[in-house]
Amino acid sequence: MNEVAGRIGVYAASRISAQLPGVIFREQRSGDTGLHAHLEITDNFPKMGKTIGLQISSDKDGRMERSARGYVCRGNLAHLTYWLQHSIPVLVMVYEHEAGRVLWETASADTVDIDGQEWELLVPNDQVYGPEAVSAVSALPCYSPYLARLALDKPWMELVESGRDLTLEIDEWINRPSARGSLRLCVCGPNDAREAVYDWVFQIETDMPYTFRLPELFPWANLSVDEELYRDKASAADGKSASDLAPIRPWTVEAGEIARFMLKLSLNELGKSFLMTERFLRRGEFPRPPNVKNIDKSYEDGIKYRLYKKL
């Protein structure tokens, strides 16, 4: 982003905040935290405060795209992951120079579209930062970083739930401790044809083997080897049967250096519960009980039951 244009956007948001009762604007001046400022919103009674993170852009930013509905902001996944895993809500703001106003939108799994290694978010024209926005902003939920992590991975969970195959490919240099790793998530279609491949860089403790780290990267999934591929490409270690081998293991170790994994992801109880809870909180959907059968005749003869059966 153009640094001068960005600074003007920060000043504009600060100026507008100064005119809003119960709103305190605090600019971030040290270090690159991924946020330009914080808003603290206070209530008169009971005296409580709520903090909101701000990422502020400008319509003079050359990467900003203007549409009929608003401004389309784009960025890399590393930045987005930081926002969505934050324990406080994060707003993306855009300053319009000619109109002298600031527009805003929340950065959440609902408002962001992810495409490969990039994301985009629409900041709409009708969400103007001002007195009328304070109540909406203060009502934004604060999530734990763990819940935010699940929200970030929700598209993957929904893909697996729909019956699509999601596989994980990863190579590990077993003799070179490193804090940085990368993996590939592959979406497979009919006949195991790859429809999409996503690269994901992650941080890891230098002395932690991937077999122990991978379950932490996907807390919502059961990880298991692709038995067919492993059967075709690798012989059973030391003559052991597949049932005696670890559920997460490489299918080969090349030249005693590179361990290659091919794993499948399926929803575990945490993943299933999160999707069910998220749908209930968003739309009130919940698992319907089975149809009631074989009720006592005297109960079925009641007017309420007979009226209900006619609906």
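Now for a look at the structure at hand. (Residues numbered from 1 in each chain as written. Predicted model: local features only at pLDDT ≥ 70, side-chain atom pairs only at ≥ 80, totals over all residues. Heavy atoms only, no water.)

### What about helix α6 (residues 210-217)?
Those residues of α6 lying buried are Y210, R213, L214 and L217. One face of α6 carries all of its buried residues, which in axial projection span an arc of 105 degrees. (Buried < 20%, exposed > 50% of the residue type's maximum accessible area, 1.4 Å probe, protein only. Helix = DSSP H or I, 4+ residues; strand = E, 2+ residues; numbered from the N terminus. Arc of directions from axis to C-beta.)

### Details of the sheet that holds strand β1 (residues 23-27)
Judged by pairing direction, the sheet is mixed, and its 5 strands sit side by side in the order β1-β2-β3-β6-β7 without closing on themselves. Here the strands that pair on one side only, and so sit at the sheet edges, are β1 and β7 (101-106). Adjacent strand axes in the sheet meet at a mean angle of 30 degrees, parallel and antiparallel pairs treated alike. Here 6 bridges tie strand β2 (residues 37-42) to strand β3 (residues 49-58), and the two strands are oriented antiparallel to one another. (Pairing = 2+ DSSP bridges. Axes fitted to C-alpha atoms, helices over the stretch in contact; angles between N-to-C directions.)

### A closer look at the nonpolar core
Judged by nonpolar contacts, the single largest core of 32 residues is most densely connected at L166, L214, F218, W220 and L265. A total of 6 residues in this core trace back to one element, the largest contributor, which is strand β15 (residues 258-267). Beyond its immediate sequence surroundings of up to four residues, L166 is in contact with W156, L159, V160, L185, C186, V187, W220, L263, K264 and L265. One finds A12, L91, M93 and V102 within the second-largest nonpolar core, a separate group that totals 23 residues. (Core = buried A, V, L, I, M, F, W, Y, C linked by side-chain atoms within 4.5 Å. Contact = heavy atoms within 4.5 Å.)

### A word on the pattern of salt bridges
Across all of its chains, the model carries 15 salt bridges by this definition. Among the salt bridges present, the one from E169 reaches R184, with a minimum N-O distance of 3.2 Å. Taken together, the residues span a long stretch of sequence, with E169 in strand β10 (residues 165-173) and R184 in strand β11 (residues 180-188) at a distance of 15 residues. By relative accessible area, which is 8% here, E169 ends up buried. The closest approach of N and O atoms between D171 and R260, which form a salt bridge, is 2.8 Å. Here R260 lies in strand β15 and D171 lies in strand β10, a separation of 89 residues in the sequence. (Salt bridge = Lys/Arg side-chain N within 4 Å of Asp/Glu carboxyl O.)

### Here we look at a negative patch on the surface
A grouping of D165, D192, E228 and D232 is seen on the molecular surface, where their side chains present a negatively charged patch. Along the polypeptide, D232 turns up in helix α7 (residues 227-233). (Patch = residues over 30% accessible without salt bridge, like charges linked within 9 Å, V, L, I, M, F, W, Y side chains within 5 Å. Areas by Shrake-Rupley, 256 points an atom, 1.4 Å probe, with all protein chains shown as cover. Lys, Arg positive; Asp, Glu negative; His and termini not counted. Charge placed at Lys NZ, Arg CZ, Asp CG, Glu CD.)

### Quick notes on helix α2 (residues 77-84)
Every buried residue belonging to α2 is among L80, W83 and L84, and all of these are buried. One side of α2 carries all its buried residues, which in axial view fall inside an arc of 90 degrees.

### Regarding the layout of surface pockets
In this model, the largest pocket occupies a volume close to 1000 Å³. Along the wall of the largest pocket there are 37 residues; nearest its centre are L77, T81, L152, D153 and W200. Among the secondary structure elements, those contributing two or more residues to the lining of the largest pocket are α2, β8 (112-115), α4 (145-152), α5 (154-161), β11, β12 (194-203) and α6. Top element by residues in the lining of the largest pocket is β12. It accounts for 6 residues. (1 Å grid on protein atoms, 1.4 Å probe; cavity = no way out; pocket = protein on both sides within 12 Å on 5 of 7 lines; lining within 4 Å. Points joined across faces, edges and corners; volume = space filled by probe spheres on them.)

### A few points about the sheet that holds β8
The strand order across the open sheet built from 4 strands is β4-β5-β9-β8, with neighbouring strands paired in antiparallel fashion. Of all strands in the sheet, those bounded by a partner on one side alone are β4 (65-66) and β8. Across 7 bridges, the pairing between strand β5 (residues 70-76) and strand β9 (residues 118-124) is antiparallel. If you follow G70 over to β9, its bridge partner there is P124.

### Observations regarding the packing of aromatic side chains
By the definition in use, this model includes 4 aromatic pairs. Taken together, a centroid distance of 5.4 Å and an interplanar angle of 65 degrees make the contact between W83 and W119 edge-to-face. Of this pair, W83 sits in helix α2 while W119 sits in strand β9, and the two are 36 residues apart along the sequence. Comparing W83 with W119, the two get one shared label, buried. Between W156 and Y198, the aromatic rings sit 5.2 Å apart at their centres with planes inclined by 80 degrees, giving edge-to-face as the arrangement. Of this pair, W156 sits in helix α5 while Y198 sits in strand β12, and the two are 42 residues apart along the sequence. What makes W156 buried here is its relative accessible area of 19%. (Phe/Tyr/Trp six-rings, centres within 6.5 Å; stacked < 30°, edge-to-face > 60°.)

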